[in-house]
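Inside the fold
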Amino acid sequence: MAVIRYIRTERSIRRLQQRTEDVECELILTEHAVISSEREFPLSKVWDMSSRAATSRCWFLYLHTDEGVFAFRTEEQPERFIGLYRKMKE
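A brief structural summary. (Residues numbered from 1 in each chain as written. Predicted model: local features only at pLDDT ≥ 70, side-chain atom pairs only at ≥ 80, totals over all residues. Heavy atoms only, no water.)

1. Remarks on the overall build of the protein chain
The helix and strand inventory of the protein chain stands at one helix and seven strands. Along the protein chain, helices and strands appear, N-terminal first, in the series β-β-β-β-β-β-β-α. Referenced to the eigenvectors of the C-alpha coordinate spread, the extents of the protein chain come out at roughly 50 × 30 × 20 Å. When burial is assessed residue by residue, the protein chain has 29% of its 90 residues classed as buried. Taking the intrachain contacts of the protein chain between residues at least 6 apart in sequence as the baseline, contacts between residues at least 24 apart amount to 37%. As displayed, the protein chain offers around 6,400 Å² of accessible surface, 46% of which is attributable to carbon and sulfur atoms. (Helix = DSSP H or I, 4+ residues; strand = E, 2+ residues; numbered from the N terminus. Buried < 20%, exposed > 50% of the residue type's maximum accessible area, 1.4 Å probe, protein only. Contact = heavy atoms within 4.5 Å. Areas by Shrake-Rupley, 256 points an atom, 1.4 Å probe, with all protein chains shown as cover.)

The structure is reproduced here in structure tokens:
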């Protein structure tokens, strides 16, 4: 099992004002699935993972699935998480 923290941006409107709030969540890799705060991706439906640096302190981790690509913004380097995923898929 591996865990990486990611940031989800929530937007809401209160009293005619738009509010934006960043919420920290966890992306969990188990032997059967990748689990986010919003959904679960069975490993059989995950094709690959990749990442891209957005800034020197922020990365996007991309989950490539049979339903499309899902992006997760993280402040942790995702290479270790991706490496563990690839070992599990071997």
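2. Some words on the pairing of strand S6 (residues 58-65)
Note: strand S5 (residues 46-55) against S6, eight bridges, orientation antiparallel. Among the inter-strand pairings, Ser 50 is bridged to a residue of S6, identified as Tyr 62. Linking S5 back to S6 in an antiparallel pair, the connection comprises two residues. Relative to strand S7 (residues 68-74), S6 is paired through seven bridges, and the arrangement is antiparallel. Residue pairing in the sheet places Leu 61 in a bridge with Phe 72 of S7. The antiparallel hairpin formed by S6 and S7 contains two residues in its connecting segment. (Pairing = 2+ DSSP bridges.)

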